[in-house]
Amino acid sequence: MAEIGKGVTAGKLAINVQKKFTRAQEKVLQKLGKADETRDAAFEETVGSFNKQMVEGAKLQKDLKAYLLAVKTMHDASRRLQECLAEMYDPEWFGKEEVDSMVEDTDANWTDYYEKLTDESLLSLDTYLSQFPDIKARLAKRERKMVDFDSARHHFASIQKGKKKDEAKIAKAEEELGRAQKVFEELNVELQDELPVLWDSRVGVYVNTFQNLASNQEKFHRDMGKLSQNLNDVMTKLDEQRLDKKNGSASVKPEEASSSEGANHSVAGDSQPAKRLCPPPSRPPARMSLTPSPGPEDDESPETAPTSTTSVTSPSPISTPQ
């Protein structure tokens, strides 16, 4: 069995080599103008549209994957930033529970956005592009079968034009021509039916891809907008709380200063010695002066002089007896 298998494999290999040689020879003759070539302008236009469609689809797939990679990168950066906020947010600050909840919701929103884009846009695009390799291979096969058909046709025509007609060779060549023509035409008809349908399907694929992308983007940014607004409100209230505490402490300070100043004054007053109440210094006692009362005559003797009177004078300068 192994030898038969080897023989079959060797026979197939020889047939394939012979086909390649015949095709190469036919193409050379066609390029040199020594053999005509089967041409289909409408089909060639369809093939050109297919090649354009395949290139555009591959580019869209590449750019969409790059976009999803950027989304994943932004998700990772957003997660790290939100975790940093949650770690540094003190428990006694306003809205600690709200901040922790917003961190979790933000991460879940990014995850949902990435998964929906992958499932609804990228996977559908991958399914659409998965049929291109098969059609491309069938187009290459059609090209080979067309060359085989042209080669069989030229071979049959050359046998018929020969001087010595061999009916057996003519019949064999005719049989080969019919078989090559059948294979080529069957494949050609299939592709002629499928390629226009595939060309028209690109519209629905593009609509589905970008419509899902737009709807998911709209939902994602709407949810992120709500989370951002909530976070902004929490930060605003936290700042107001800080300012209220700051203003409250500033308003208490002047009262504390006045109370402490009053206490200082009272302490200082208590520390001074009490003033002793004493009567004002007494004035010097009034001095008595003896003044002779004027007599009728200055040269009156003392014996006849009247009795002198005593008078108290104010503490003015002391007068001397005249």
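Residues numbered from 1 in each chain as written. Predicted model: local features only at pLDDT ≥ 70, side-chain atom pairs only at ≥ 80, totals over all residues. Heavy atoms only, no water.

Draft legend 1. Summary view of the overall build of the protein. When you go through the protein residue by residue, the secondary structure sums to 5 helices and 2 strands. Reading the protein from its N terminus to its C terminus gives the helix and strand order α-α-α-α-α-β-β. With 322 residues in all, the protein has 23% of them scored as buried. Put simply, of all contacts in the protein between residues at least 6 apart along the chain, 86% involve residues at least 24 apart. Of the accessible surface of the protein, which amounts to about 23600 Å², a share of 57% is contributed by carbon and sulfur atoms. (Helix = DSSP H or I, 4+ residues; strand = E, 2+ residues; numbered from the N terminus. Buried < 20%, exposed > 50% of the residue type's maximum accessible area, 1.4 Å probe, protein only. Contact = heavy atoms within 4.5 Å. Areas by Shrake-Rupley, 256 points an atom, 1.4 Å probe, with all protein chains shown as cover.)

Draft legend 2. Quick peek at the packing of aromatic side chains. Within the structure shown, the criterion is met by 6 aromatic pairs. Ring geometry for Tyr89 and Trp93: centres 5.2 Å apart, planes at 80°, overall edge-to-face. Geometrically, the ring pair formed by Tyr128 and Phe132 is edge-to-face, given 5.3 Å between the ring centres and 80° between the ring planes. No difference in accessibility class separates Tyr128 from Phe132, as the two residues are buried. Above the ring of Trp199, the side-chain terminus of Arg202 is found at 3.7 Å from the ring centroid. (Phe/Tyr/Trp six-rings, centres within 6.5 Å; stacked < 30°, edge-to-face > 60°. Lys NZ or Arg CZ within 6 Å of the ring centre and 35° of its normal.)

Draft legend 3. Up close: the packing of helix 2 (residues 41–88) against helix 4 (residues 132–160). The N-to-C vectors of helix 2 and helix 4 enclose an angle of 150°; their axes lie 12 Å apart at closest approach. Regarding the angle of helix 2 to helix 4, the classification is roughly antiparallel. Where helix 2 crosses over helix 4, the handedness of that crossing is left-handed. Residues Phe43, Val47, Phe50, Gln53 and Met54 of helix 2 touch helix 4, and the partners they reach there are Phe132, Ile135, Lys136, Leu139 and Arg142. Residues of the contact of helix 2 with helix 4, tallied by class, amount to 7 nonpolar, 1 polar and 2 charged. (Axes fitted to C-alpha atoms, helices over the stretch in contact; angles between N-to-C directions. Parallel < 35°, antiparallel > 145°, perpendicular 65-115°, else oblique. Left-handed = near helix turned anticlockwise from the far one by under 90°. Nonpolar A, V, L, I, M, F, W, Y, C, P; charged D, E, K, R; others polar.)

Draft legend 4. How the structure looks around the pattern of salt bridges. Counted according to the given criterion, the structure contains 14 salt bridges. Taking the shortest distance from any N to any O, the salt bridge between Arg138 and Glu194 comes out at 2.7 Å. Residue Arg138 is located in helix 4, and its partner Glu194 is located in helix 5 (residues 167–271); the two are separated by 56 residues in the primary sequence. Assessed through its relative accessible area of 16%, Arg138 is described here as buried. For the salt bridge of Asp150 with Arg153, the shortest nitrogen-to-oxygen distance reads 3.0 Å. (Salt bridge = Lys/Arg side-chain N within 4 Å of Asp/Glu carboxyl O.)

Draft legend 5. Quick look at the side chain of Asn216. Of note, Asn216 is situated in helix 5. Given the relative accessible area of 8%, Asn216 is considered buried. Not counting chain neighbours up to four residues away, the residues in contact with Asn216 comprise Tyr113, Lys116, Leu117 and Glu120.

Draft legend 6. Seen up close, the packing of helix 2 against helix 3 (residues 96–129). The geometry of helix 2 relative to helix 3 is characterised by a closest axis approach of 10 Å and an angle of 170° between their N-to-C directions. Relative to helix 3, the element helix 2 lies roughly antiparallel. Looking at the contact of helix 2 with helix 3, its residues break down into 19 nonpolar, 10 polar and 8 charged.

Draft legend 7. Spatial organisation of the environment of Leu123. With respect to the helices and strands, the residue Leu123 is situated in helix 3. Separated by 86 residues in the primary sequence, Leu123 and Thr209 place their C-alpha atoms 9.4 Å from one another.

Draft legend 8. Expanded view of helix 3. With 34 residues, helix 3 extends 49 Å between its outermost C-alpha atoms, agreeing within 8% with the 50 Å of an ideal straight helix rising 1.5 Å per residue. A maximum bend of about 35° is found in helix 3 at Thr118. (Expected span 1.5 Å × (residues − 1). Bend = angle between axes of the 7 residues up to and from the residue.)

Draft legend 9. Region of the structure containing the environment of Glu190. Locating Glu190 in the fold gives a position in helix 5. For the pair formed by Glu190 and Arg138, sequence separation is 52 residues and the distance between their alpha carbons is 9.7 Å. In this structure the side chain of Glu190 is engaged in a polar contact, spanning 3.1 Å, whose partner is the side chain of Arg138. (Polar contact = N/O pair within 3.5 Å; in protein donor to acceptor, adjacent residues only side chain to side chain.)

Draft legend 10. Here's a closer look at the environment of Val183. Relative to the elements of secondary structure, Val183 occurs in helix 5. According to the relative accessible area criterion, Val183 is partly exposed, its value standing at 33%. When the C-alpha atoms of Val183 and Phe149 are compared, they prove to be 8.7 Å apart, with 34 residues separating the residues in sequence.

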